[in-house]
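Coordinate analysis (summary)
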Amino acid sequence: MGEPQIIVPAILSGGSGTRLWPMSRTLYPKQLLALMGAESLLQQTAHRIAGHAGFAPPLIIANEEHRFIIAEQLLEIDIQPQALVLEPCGRNTAPAAAVAALRIVETQPDALMLVMPSDHVINDPAAFHAAIARAAEAARAGFLVTFGITPERAETGYGYIAAGAPISEGGAFAVAAFIEKPAAEEAERYVKAGTYFWNSGIFLFPVQTYLSELQRLRPDMLAACKAALAAARSDTDFVRLDKAAFAKCPSDSIDYAVMEHTTHAAVVPVSMGWSDLGSWDALWEMSAKDERGNALAGNVVAEAASNCYLRSEAGLVAAIGVADLVVVATDDAVMVAPRNRTQEVKQLVARLVRDGRDETDTLPTVHRPWGSYKGLHDGHRVQVKHIVVKPGGRLSLQLHHHRAEHWVIVQGTAKIRRGDEEMVLTEDQSTYIPLGTAHRLENPGKIPLHLIEVQSGSYLGEDDIVRLDDSYGRS
């Protein structure tokens, strides 16, 4: 027997973040949030396979808007991906997996690809690894394997997979049918039958089999992915798919594009404490609770409350005598809903988008490759921001046509270029950047640099910026 095929994890991180608003935003979706523990969901996903025998470093397929945050989060946990591939626009999971498979097959044509969404919770990683071992046996025999979650209740929010005849002694079964989200009575029947499983959206594929099935079933999709990868631009940290080619790619899920039509579909059942955290109610289900069934996070006090999810990322949330509620507070928004209606948050966000509300896109703290900034005041002709520059961080050399800036150093050391001048400022020192003056800020020290920026002028939008030089490829 030859050596077993290496398993290459392909982590899909293209989500836009609507179902866990107001914490999850378009530019900071749920996979980047630490919702269950100290690490973000993306970091937890990467950690599940990092360092385990038989796994290659992960390949990340991500939204271009999130590239710096993802790179920083992987650096924090000391995981070096074999590539961070950037999608210029979202095209669902089938093209993302195709791009990953095309990239893998170039150097590892016999590899198995473990496709994992970046925003799932798995509380029993040992059970997950045991299921991967069972799935690998079927995948090496040429099957496209999906992981089916043993249902804990009659859930109507998930799709189901009906298991057919066994195809291996390891516990893999042929897929008899994929079933859309069922009505409550149907879900009850599926749970009692014992042969229906929640569709997890996690897969193990022989890369060549997935590509050959995609060629047979969706040649238009595969051709667009090949073109986008062939014309991709690579720099030190990222592989950027060609925008024009990828934009022509049809948008579809792995299930719809391939799994529901292939004769090679298999399912491996597993019970591993899984959730896709598709709603605040799902997060309540997965969270530790007090003696009254409340899941509390952050700056929260609950008195005579029961079965609630209460979370604050900002000021105090105080609840008295409420039941079965979700309350989530951030610096700029508070969301209140009955627990059994949190699936409707997506519709709420759609309304906010139609109304042009900024709260759908960004959190008050905006992350950049050099650090972050947080808006403290937004008034007529004046804005105030708290800027944090990480050690070694360096903002672009830039100028503004409509605003001047005043900088006050609160902590750390700032190296500043202002026109032809260079200066070093420390705590309690300040400087002024006149309108139209080229300037740059960097942190040469070993601790974070904190400063207060006061902007004044006729227009204060973030698009009033001319980048003359940038260390992060944005000029």
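Everything that follows concerns the structure shown earlier in this document.
Residues numbered from 1 in each chain as written. Predicted model: local features only at pLDDT ≥ 70, side-chain atom pairs only at ≥ 80, totals over all residues. Heavy atoms only, no water.

Notes on the pattern of salt bridges
A side chain with one charge may pair with a side chain of the opposite charge, provided their charged atoms come close. Operational definition: Salt bridge, as used here: a side-chain nitrogen of Lys or Arg that lies within 4 Å of a carboxyl oxygen of Asp or Glu. Numbering of helices and strands starts at the N terminus; helices are DSSP runs of H or I of at least 4 residues and strands are runs of E of at least 2.
Under the definition given, this model contains 23 salt bridges. Of the charged contacts, one joins Lys-385 and Glu-462 as a salt bridge, the two residues approaching to 2.3 Å between their closest N and O atoms. Placement of Lys-385 in strand β20 (residues 382–389) and of Glu-462 in the loop between β27 (449–457) and β28 (466–469) is noted, with a sequence separation of 77 residues between them. Several salt bridges converge on common partners, so that one network encompasses Glu-64, Asp-235 and Arg-240.

Brief notes about the side chain of Ser-306
What counts here: When a residue's accessible area, from a 1.4 Å probe over protein chains only, is under 20% of the maximum for its type it is buried; when over 50% it is exposed; and in between it is partly exposed. Between two residues, a contact is recorded if the distance between any of their heavy atoms is within 4.5 Å.
Residue placement: Ser-306 occurs in the loop between β14 (295–303) and β15 (309–320). For Ser-306, a relative accessible area of 19% corresponds to the buried category. Excluding residues that lie within four positions of it along the chain, Ser-306 makes contacts with Arg-292, Asn-294, Val-322, Ala-323 and Asp-324.

Quick word on the environment of Thr-365
With respect to the element layout, Thr-365 can be found in strand β18 (residues 365–368). Using a relative accessible area of 27% as the deciding quantity, one classes Thr-365 as partly exposed. Distance in space between the C-alpha atoms of Thr-365 and Arg-418 is 26 Å, their sequence separation being 53 residues. Discounting chain neighbours no more than four positions away, the residues touching Thr-365 are Ser-372, Tyr-373 and Lys-374.

A word on the environment of Leu-363
Take Leu-363: it is sitting in the loop between α11 (345–354) and β18. Between the C-alpha atoms of Leu-363 and His-402, which are 39 residues apart in sequence, the distance is 25 Å. Setting aside residues no more than four positions away along its own chain, Leu-363 makes contact with Pro-22, Met-23, Arg-25 and Tyr-28.

Examining the packing of helix α3 (residues 93–107) against helix α6 (residues 207–217)
Condition: Only the contacting stretch of a helix is used when fitting its axis, a line to C-alpha atoms as for every element, and angles between N-to-C directions run 0 to 180 degrees. Put simply, angles under 35 degrees are roughly parallel, angles over 145 are roughly antiparallel, angles from 65 to 115 are roughly perpendicular, and the rest are oblique. By the definition used in this description, the sense in which the near helix is turned from the far one sets the handedness, with an anticlockwise turn below a right angle giving left-handed and a clockwise turn giving right-handed. Amino acid classes used here: Ala, Val, Leu, Ile, Met, Phe, Trp, Tyr, Cys and Pro are nonpolar; Asp, Glu, Lys and Arg are charged; the rest, including Gly, are polar.
Between α3 and α6, the least distance of the axes is 9 Å, while the angle of their chain directions is 130 degrees. The angle between α3 and α6 falls in the class oblique. Crossing angle aside, the handedness with which α3 passes α6 is left-handed. Residue-level inspection shows Ala-94, Ala-97, Ala-98, Ala-101, Leu-102, Ile-104 and Val-105 of α3 in contact with α6, the latter providing Val-207, Gln-208, Tyr-210, Leu-211 and Leu-214. Its residues assigned to classes, the contact of α3 with α6 shows 11 nonpolar, 1 polar and no charged.

A closer look at the pairing of strand β6 (residues 144–149)
Quick note on the threshold: When DSSP finds at least two bridges between two strands, those strands are taken to pair.
Counting buried residues along β6, 6 of its 6 residues qualify, which places the element largely inside the surrounding structure. Side chains Leu-144, Thr-146 and Gly-148 project from β6 onto one buried face, and the interleaved Val-145, Phe-147 and Ile-149 project onto a second face that is buried too. Taken together, the 6 bridges between β6 and strand β12 (residues 265–270) define a ladder with parallel strand orientation. Bridge pairing links Val-145 to Ala-266 in β12. Here β6 runs beside strand β9 (residues 196–206); their pairing, made up of 4 bridges, is antiparallel. Across the sheet, the residue bridging to Gly-148 is Asn-199, located in β9.

Quick notes on the state of the cysteines
Operational definition: A pair of sulfur atoms, both from cysteines and within 2.5 Å, is called a disulfide here.
As enumerated under the stated definition, the model contains 0 disulfides in all. Here Cys-249 is not cross-linked by a disulfide; its sulfur's nearest cysteine counterpart is in Cys-225, at 3.9 Å.

Concerning unusual backbone geometry
With an omega of 15 degrees, the peptide bond running from Trp-21 to Pro-22 counts as cis. With a phi angle near 55 degrees, Asn-307 is a residue other than glycine that sits in the positive phi range. Looking at where Asn-307 falls in the secondary structure, it is placed in the loop between β14 and β15. Classification of Asn-307 as partly exposed rests on a relative accessible area of 29%.

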